[in-house]
Amino acid sequence: FTAFGIGKGHRAIIGINTGCAATLPAKKLSVAGHVELISRLLAESNGISIVLLGGRGDAARNFEITCGVFKRTGKAVIESPTEGGLRDGLVSVAACDVVISGDSLGMHMAIAMGLPVVAWFGPSCAHEIDLYDRGVAIQTKATCSPCWKRHCPKQDTKETMCYDQIDWTEMVNAVYALLSEAILQTAFLGDTLLSVPLAQALRAEGHELTLVCRRGLGSFFLGLGLFKDVIEVEKGGTESYRTARLK
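The paragraphs below set out a description of the structure included in this document. Please read these numbers as outputs of a predicted model, since none were measured by experiment.

1. Things to note about the overall build of the protein chain
Within the protein chain, the secondary structure is distributed over eight helices and ten strands. Counting over 247 residues, the protein chain shows a buried share of 45%. Within the protein chain, residue pairs in contact and separated by at least 24 positions form 56% of the contacts whose partners lie at least 6 positions apart. For the protein chain, the accessible area works out to roughly 13000 Å², and carbon and sulfur atoms hold 55% of it.

2. Observations concerning helix H6 (residues 168-179)
What sets the pattern is the α-helix's 3.6 residues per turn: residues three or four places apart point alike. The end-to-end C-alpha distance of H6 is 17 Å, a good match for the 16 Å that twelve residues give at a rise of 1.5 Å each. Of all the positions in H6, only Trp168, Met171, Val172, Ala174, Val175, Leu178 and Leu179 are classed as buried. Angularly, the buried residues of H6 cover 160 degrees about the axis, an arc narrow enough to put them on a single face. Capping of H6 at its N-terminal end is provided by Asp167; its side-chain oxygen lies 3.1 Å from the backbone amide nitrogen of Thr169.

3. Observations concerning the pattern of salt bridges
It is possible for side chains of opposite charge to pair when their charged atoms get near one another. What the rule picks out here adds up to five salt bridges. Close ionic contact of Arg40 with Glu36 constitutes a salt bridge, the shortest N to O distance being 2.6 Å. Of this pair, Arg40 and Glu36 both sit in helix H1 (residues 31-44), four residues apart, which is roughly one turn of that helix. Arg40 gets classed as partly exposed once you look at its relative accessible area, which sits at 32%.

4. Brief notes about the pairing of strand S2 (residues 48-53)
Counting buried residues along S2, six of its six residues qualify, which places the element largely inside the surrounding structure. Judged by which residues are buried, S2 turns out to be covered on both faces: Ile48, Ile50 and Leu52 on one side and Ser49, Val51 and Leu53 on the other are all buried. Alignment of strand S1 (residues 12-17) against S2, held across six bridges, turns out to be parallel. Each bridged residue has a counterpart across the sheet, and for Ala12 the counterpart in S2 is Ile48. Taking the sense of rotation as the criterion, the β-α-β connection linking S1, H1 and S2 turns out right-handed. Sheet topology places S2 next to strand S3 (residues 78-79); two bridges connect them, and they run parallel. For Val51, the partnering residue across the bridge sits in S3 and is Ile78. Between the parallel pair S2 and S3, the chain is carried across by helix H2 (residues 59-73), and the sense of this crossover is right-handed.

5. Remarks on the side chain of Ser124
Tracing the backbone shows Ser124 in the loop between strand S5 (117-121) and strand S6 (135-139). With a relative accessible area of 1%, Ser124 lands in the buried category. A distance of 2.8 Å separates the side chain of Ser124 from the side chain of Asp103, its partner in a polar contact. In this structure, Ser124 is in contact with Lys27, Asp103, Gln139, Ser145, Pro146 and Trp148, ignoring residues within four places of it in sequence.

Conventions and cut-offs
- Residues numbered from 1 in each chain as written.
- Predicted model: local features only at pLDDT ≥ 70, side-chain atom pairs only at ≥ 80, totals over all residues.
- Heavy atoms only, no water.
- Helix = DSSP H or I, 4+ residues; strand = E, 2+ residues; numbered from the N terminus.
- Buried < 20%, exposed > 50% of the residue type's maximum accessible area, 1.4 Å probe, protein only.
- Contact = heavy atoms within 4.5 Å.
- Areas by Shrake-Rupley, 256 points an atom, 1.4 Å probe, with all protein chains shown as cover.
- Expected span 1.5 Å × (residues − 1).
- Arc of directions from axis to C-beta.
- Polar contact = N/O pair within 3.5 Å; in protein donor to acceptor, adjacent residues only side chain to side chain.
- Salt bridge = Lys/Arg side-chain N within 4 Å of Asp/Glu carboxyl O.
- Pairing = 2+ DSSP bridges.
- Right-handed = clockwise from strand over helix to strand, strands pointing away.

Have a look at this one:
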C-alpha cells in the first residue's frame, strides 16, 4: 500500500471488506454503517490506516464511503483497487493487519491467510464459521437473525435492517483487542535469537504476545516473562500444527 501513501508512522493497517455477493445483499453494511464504523475506529487512534477492500462493482460504493468519512472526520481512507481480479484482491487483503468483513469471500480470504478477522453476521450464522482462534465473531442484535433470506421484507417497510443493528462499540473493541496481540513463530536458532529483542520492543508498546516454537524451547521462552502463551510444535511434519500443545 506504499503507493497509496501508507508508510512509516502507521502502527496498523485495518482492512474493511465492504462488499458481498448479490445472492445475500444484507451481508454487507450500509454506506452509513461503514462511515459510522470507520469514524469510530479513527477516533480511537491516530496511528492506523483504514483500507477499503472489495471486488468488481464496489468501487463507486467505496468512493461514497471514503467521501462520507472525510466529511465527518477530515481524515482520508485508502481505496484498494477492486477491478484487478481475485489475485489482486488477495494481495490487498494480505497487506492488512486486521480485516473486518461480513460473511463473504473477503472474510474467507482473510481466514485462509491466517489474518486476525472481525467478522459480523446479519442474515447468516456465526456458528457456522471457524475463525481458528484468530478472530472475533459478532452477531447482529436483530431478533430475526439468522434468517438466510435473499430478500428481507423489512426493506419494503423501511424498518431497521439487521446490518444496522451491529454493536459498533463491540466491533471497535474487538479490532483493537486483536491489534494488541501478536504471534511470533520461531524455527531455527537465528529465529530464537532475533525474536527476543523483537518481543521486548512489542511488549514495551503494550502488546500481548504468543510464541510458536520448536518443542523443547518453550521453557526457555516462558522464563523470559515476555509471552502470554508459548506453543510448542514438531517441525517438518504435516500434522505439526494440529498436534501443537500449549506449554
